[in-house]
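# Examination of the molecular architecture
Read off the chains here:
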Amino acid sequence: MHLRLRAATSTANPFIPPAHLIHSIPQWFSILRHAIAASDLPLGKRAHARILTSGHHPDRFLTNNLITMYSKCGSLSSARKLFDTTPDTSRDLVTWNAILSAHADKARDGFHLFRLLRRSFVSATRHTLAPVFKMCLLSASPSAAESLHGYAVKIGLQWDVFVAGALVNIYAKFGRIREARVLFDGMGLRDVVLWNVMMKAYVDTGLEYEALLLFSEFNRTGLRPDDVTLCTLARVVKSKQNVLEWQLKQLKAYGTKLFMYDDDDDGSDVIAWNKTLSWFLQRGETWEAVDCFVDMINSRVACDGLTFVVMLSVVAGLNCLELGKQIHGIVVRSGLDQVVSVGNCLINMYVKTGSVSRARTVFWQMNEVDLVSWNTMISGCALSGLEECSVGMFVDLLRGGLLPDQFTVASVLRACSSLGGGCHLATQIHACAMKAGVVLDSFVSTTLIDVYSKSGKMEEAEFLFVNQDGFDLASWNAMMHGYIVSGDFPKALRLYILMQESGERANQITLANAAKAAGGLVGLKQGKQIQAVVVKRGFNLDLFVISGVLDMYLKCGEMESARRIFNEIPSPDDVAWTTMISGCVENGQEEHALFTYHHMRLSKVQPDEYTFATLVKACSLLTALEQGRQIHANTVKLNCAFDPFVMTSLVDMYAKCGNIEDARGLFKRTNTSRIASWNAMIVGLAQHGNAEEALQFFEEMKSRGVTPDRVTFIGVLSACSHSGLVSEAYENFYSMQKIYGIEPEIEHYSCLVDALSRAGRIREAEKVISSMPFEASASMYRTLLNACRVQVDRETGKRVAEKLLALEPSDSAAYVLLSNVYAAANQWENVASARNMMRKANVKKDPGFSWVDLKNKVHLFVAGDRSHEETDVIYNKVEYIMKRIREEGYLPDTDFALVDVEEEDKECSLYYHSEKLAIAYGLMKTPPSTTLRVIKNLRVCGDCHNAIKYISKVFEREVVLRDANRFHHFRSGVCSCGDYW
DNA sequence: ATAGGGTTAG
C-alpha cells in the first residue's frame, strides 16, 4: 500500500485524475485553468495530449482554452500552430483575443494577425485592441496608430474610455500632444486614468505648466486623485520647472502625500534606507530591521510613509507593543499619521500586538479611512476574541454604503466561526458575499466550509467544496476537519487519500487531520503510513502534528510506540503532555497518568483545563480521593476550576470516591443545563447505592427541561438495580424508548438483567437475555451466576457457567463463581472439579486485593499477606478486632472460604482476607471517628461485608468500601447497600 | 497595509 501510494505521488499528473474519471469538458477546462494559473507548460501539454486521446473532440471552447494556455505558458509557436489549424469559421472573438494577446510583444506577426481579423466577420472589443495598442507602442509606428484610430472609429469604439485613453497615450508618446488633447477634449466621460494619461503626457513632454492647469480642471470635476496622479504631480514639484508659485501653493494640500510618491531615483537616502529595511523584513530578519531603523533615526534621515509601513509590519511580526508605541510617536511627529496606508499599518500593528483598544482609537481618529482600514479592524476584532465587535463593524461598514471585498467577508466569517452557535449569521454573510461577488474567492469559500461544517451543515459545506474553482489546500483541510468534527472519519481519510493520489502535497495541517481520522477509525495501518509521511517531510518536530500522531497511537492502544514517540519530543507542550496523560487513562494506566503529570509539573509546563479534566478522571477511576483533592486544589490555583468539563469530572470524581456531599456541593455550582453534570451526579449516586436520591435528581433534571440521554438511563437503571427497585427499572427501561426514543443498548439491558438477578428473579433475567437483539455479554452471565450462588440454584448456575465459559474460556471469575455455587451447596467434590477445570484451562484466579490510602501512601494487601513492614502488629490487630466483634454477635460465614479444609482453618483464612487487613491497618493508623476508605479490586466477600458492619458499630467508625461493583457505606452496623449487592 | 484550514477532555 505504501509503495503504491509513493509511486502514485511521483508519477501522477498534478490536477489530472485518471482519464476514465474525466467525464466532461468543464473538467478539462478546470485543468487547463490550473496550468494557466501555475504557468505549468508540461501540465498543459499533458492535458492536451490526453484530450486528443480521450476521444473528446476539442470544440471551440476547449480550443480557445488550449490557445490561451499555450500563450500564457510561454509556448507561442504551439499557440500559433493550433490557431492556424483552426478553420476561420471556428474562430470566435475569444480565439482572436487569445492569439492577439499572445503576440503583444511580436509586432510584425501581430499586425499581420490584426489585418486578418479586420477581414473576418468577428467584431473586436476593447480587449481585442489592447495588445494591438501595445504593438503600436513597441513598433513606434505612427502610421499604425493612425490606422488603428481609424478602425476604432469604424467599429464605434472611439469614445470608449479605455480605447481613447490608449490612443491619447500613444499620440503623446509619439510627441503629437495636439492630437492627444483633441481626442481628450472630445471625450464626454473621463475617468481618473484618462486624466492621468493626459497629465502625464504634458509632464513627459516638458509642459509642466499645462499639466498643472489640467490638474486644476481635474480638481473641479470632484474626482479624487489616485496614486498615479500624485506620482505625476510629485515629478512636477520635484522639477519646479515651468511652474508658477500659486500652482505650487495649490499643491501644498497634498504635501505629505506627494512626498511619498516622490519616486526620483537619484539614490536619495530615504529610498536606500527603505530598501534595506524591506530587505530585512522579507528575509524575516526583524531585529536587524529594528537596528537599521535606529541607525536611520540617528543619521537624521527623514522617514517617509514607506519607512513606517515597513517598520510597523516588522513590529507587528515581532509582537512588541512597546516598540510599536514608540514608532507611533515618531509617526505622529513626522505628520505622516494621516496618510491612509500608514494609519492602516498602525491599526494592524496594534491589532497584532494585542491592543485592539489602541487600534480602535487610531481608526476613529483617522480623517480618511479606506476599505483596508475597515478590513484590518474587522479581522483584528475577530482574532482578538471580540467577535460581536467584528460583526458590529461589518454592519457599520454596510450601513455606510461601502461594498465589502473578499478580505472583509473572510474576516467577518472568521468571527462567526469562533462565535459558534449555529450558522444563522454565516448564512446572512454568505448572501452578502454572493452580492459582492466574492464567494468563489478561496479564502471566503474556505471559511464558509469551516463555519457550515462546524455547525453540522455538511451538505452546504460539501456543495461549496465541490463547486470550488480548482484545488486549494486550505479548503481541503477545512473539509477534512469538517468530516472529523461530524464524526465521519472514513470520509475524512478518503479525502486525504484522494489528495495523495492526485499528487497534491499535504502540509502539517493535512497530516494532523489525517492522523486524527486514522485514530478515530482505530486504523493503525493507515496511521503508520501517515506517520511515515510526517517523518519523511520532517514534520515530527511540529507539536501540532506530533500530538496528533501520538493520539492516533494511543487511540489504537499502542502504548509502547506512543511512549517512544512522546519521549522523542524535545520539549513537549501542554497539549502533548495532556495527550500522553489522557492516553494512559484511556488504556487503563491511571497510575502512570498521575506519574506523567508529576513529570509535567517538574518540566515547568503549565497544565490546562484539558489536563485537569483528564487527571480528575484518572483519580475517579482509581478512587483516589486524596489525589483527587490535590488535583482539585491545583485546578483552583491555576484558574481552571470553573471550566465546565473540569467541574463535571470533579463532581464525578467526588461521587465515585464516595464523597457525595462534596459532589453535591460542586454540582450546585456547575451549569445545570448541561446533561453531563446531571449524568455525573446520577451515575455517582447510583453507584453509591443512593437510588432514591439518584431518582430524585432524575426527576428534578426532567422538570428543569434537560432531556436525558443514554448515559442518564444507564445511571437511572443501575440505581434501580442496586436498590432492588425492579418495577422502577422496568418502568424506566420502557419510558426510555417510548418517551425519549432512545434505543436500549447492551449496557441498559445489562442493568435490567442485574436488577432481576439481584432480586432473585433468575427465570425472568434469563428471558430478558434471550429476548435481546444482541449477544449477551460475559458480565451479564456473571451477574446471573452470582444470583444462582445466592439462590443456591445449582442447575441454572451450571448452565450459565457453561455459557460464560464459552464466551470467555479463560475467565477466572467464571470458575470461581461456579465453585462458589457448589461451595454454597456444600458439594466440595464439584468445587474441586471446577478448580481442576480451571487448572486445565490454565486459568488463575485473579488475586483479590484491597488498599487504603493513608497520608499519601497507598497500602496494598492481598489475602494472608505478610509482606507489610508492620505485619505482626496488623495480624494482632485483626485477632483483636475479630474477638471484639464476636462478642457482639458476629459469626464467621465459612461459605465464603473457598478452600476445602476443616471449619476452623476456614475461619482463620477468612480472618486474613485483604479487606480485613486493610481495615485493621486503617483503624490502627487513623484517629478515632475518622472515616475509613478502603478499595477492593473484586467484589467484597459476604463474610467480610458482615464483619465490617460489626466493626463500624463496635469501633464507631464509618467505613466506605468500594468494590468492583459499587460502594458500601457502613455506619453503626448497617450498610448502605442494605445487604443487597 | 488587510483574509482561510490544525493537537488534548466530561
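Per an unreviewed UniProt entry, chain A is named DYW domain-containing protein, and its organism is Glycine max. Quoted verbatim from the Sequence similarities (unreviewed entry) field of the UniProt record, the comment on chain A reads "Belongs to the PPR family. PCMP-H subfamily."

### Examining the packing of helix α39 (residues 644–656) against helix α41 (residues 675–687)
Direction vectors running N to C along α39 and α41 enclose 5 degrees, while the axes themselves pass 8 Å from each other. Comparing their axes, α41 and α39 come out roughly parallel. In this structure, α39 uses Thr 648, Val 651, Asp 652, Ala 655 and Lys 656 to contact α41, whose residues at the interface are Ala 676, Ser 677, Ala 680, Met 681, Val 683, Gly 684 and Gln 687. Looking at the contact of α39 with α41 residue by residue, the class counts come to 6 nonpolar, 4 polar and 2 charged.

### Observations concerning unusual backbone geometry
Phi is positive for Val 522, which is not a glycine, with a value near 50 degrees. Structurally, the position occupied by Val 522 is in the loop between α31 (508–520) and α32 (524–536). You will see that Thr 623, though not glycine, has its phi angle at about 50 degrees, which is positive. Looking at where Thr 623 falls in the secondary structure, it is placed in the loop between α37 (609–622) and α38 (625–637).

### Let's talk about the protein's contact with DNA strand B
Lining the immediate environment of DNA strand B, one finds 54 residues, of which Asn 344, Asp 472, Asn 477, Phe 544 and Tyr 610 sit closest. Considering DNA strand B, the proportion of its atoms within 4 Å of the protein that are sugar or phosphate atoms stands at 37%. In this structure, a base oxygen belonging to DNA strand B sits 3.4 Å away from a side-chain N or O atom of Ser 547. With respect to DNA strand B, the side chain of Lys 617 contributes an N or O atom lying 2.7 Å from a phosphate oxygen. Among the elements that make up the surface near DNA strand B, the one with the highest residue count is helix α27 (residues 442–454) (6 residues). When the residues that make up the surface near DNA strand B are grouped by side-chain class, the tally is 15 nonpolar, 25 polar and 14 charged.

### Focus: the UniProt feature "repeat: PPR" (unreviewed entry) in chain A
The UniProt record annotates "repeat: PPR" (unreviewed entry) at residues 191–225, 370–404, 472–506, 573–607 and 674–708. In this annotation, residues 573–607 is assigned 74% helix and 0% strand; the end-to-end C-alpha distance for the span is 9 Å.

### Side note on the packing of aromatic side chains
In the structure shown here, the tally under the stated rule is 25 aromatic pairs. Between the aromatic rings of Phe 363 and Trp 374, the centroid separation amounts to 5.1 Å while the plane-to-plane angle is 75 degrees, which identifies the pairing as edge-to-face. Remark: Trp 374 occurs in helix α23 (residues 371–383) and Phe 363 occurs in helix α22 (residues 356–365); sequence separation between them is 11 residues. With relative accessibility at 11%, the residue Trp 374 sits in the buried group. An aromatic cluster of three or more residues is present, and its members are Tyr 730, Phe 733, Tyr 734, Tyr 749 and Phe 774. Positioned over the ring face of Tyr 875 is Arg 866, at 4.0 Å from the centre of the ring. Cation over ring: Arg 884 sits above Phe 955, and NZ or CZ is 5.6 Å from the ring centre.

### Re a nonpolar patch on the surface
A grouping of Tyr 209, Leu 213, Leu 244 and Trp 246 is seen on the molecular surface, where their side chains present a nonpolar patch of about 360 Å² in accessible area. Relative to the helices and strands, Leu 213 resides in helix α13 (residues 208–221). The class for Leu 213 is partly exposed, based on a relative accessible area of 35%.

### A word on the sheet that holds strand β4 (residues 959–962)
The strand order across the open sheet built from 6 strands is β2-β1-β3-β4-β5-β6, with neighbouring strands paired in mixed fashion. A strand with exactly one partner marks an edge of an open sheet, and here the two such strands are β2 (857–862) and β6 (974–975). With 4 bridges joining them, strand β3 (residues 932–936) and β4 adopt parallel strand pairing. Directly across from Leu 932, in β4, lies its bridge partner Val 959.

### Overview of the environment of Gly 523
Counting through the fold element by element, Gly 523 comes out in the loop between α31 and α32. Sequence separation between Gly 523 and Tyr 553 is 30 residues; the distance between their C-alpha atoms is 9.3 Å. Beyond its immediate stretch of four places on either side in the chain, Gly 523 contacts Ala 518 and Cys 556.

### Some remarks on empty space enclosed by the protein
Under the definition given, this model contains 1 cavity of 30 Å³ or more. Quantified by volume, the largest cavity comes out at close to 40 Å³. Contributing elements (two or more residues each) for the lining of the largest cavity: α51 (871–887) and α53 (914–925). Here the lining of the largest cavity gets 3 residues from one element, more than from any other, and that element is α51. Residue classes in the lining of the largest cavity are distributed as 5 nonpolar, no polar and 1 charged.

Definitions and cut-offs
Residues numbered from 1 in each chain as written. Chains lettered and ligands numbered in written order. Predicted model: local features only at pLDDT ≥ 70, side-chain atom pairs only at ≥ 80, totals over all residues. Heavy atoms only, no water. UniProt positions renumbered as here; feature names shortened; annotations may be inferred. Axes fitted to C-alpha atoms, helices over the stretch in contact; angles between N-to-C directions. Helix = DSSP H or I, 4+ residues; strand = E, 2+ residues; numbered from the N terminus. Parallel < 35°, antiparallel > 145°, perpendicular 65-115°, else oblique. Contact = heavy atoms within 4.5 Å. Nonpolar A, V, L, I, M, F, W, Y, C, P; charged D, E, K, R; others polar. Near = heavy atom within 4 Å. Polar contact = N/O pair within 3.5 Å; in protein donor to acceptor, adjacent residues only side chain to side chain. Phe/Tyr/Trp six-rings, centres within 6.5 Å; stacked < 30°, edge-to-face > 60°. Buried < 20%, exposed > 50% of the residue type's maximum accessible area, 1.4 Å probe, protein only. Lys NZ or Arg CZ within 6 Å of the ring centre and 35° of its normal. Patch = residues over 30% accessible without salt bridge, like charges linked within 9 Å, V, L, I, M, F, W, Y side chains within 5 Å. Areas by Shrake-Rupley, 256 points an atom, 1.4 Å probe, with all protein chains shown as cover. Salt bridge = Lys/Arg side-chain N within 4 Å of Asp/Glu carboxyl O. Pairing = 2+ DSSP bridges. 1 Å grid on protein atoms, 1.4 Å probe; cavity = no way out; pocket = protein on both sides within 12 Å on 5 of 7 lines; lining within 4 Å. Points joined across faces, edges and corners; volume = space filled by probe spheres on them.

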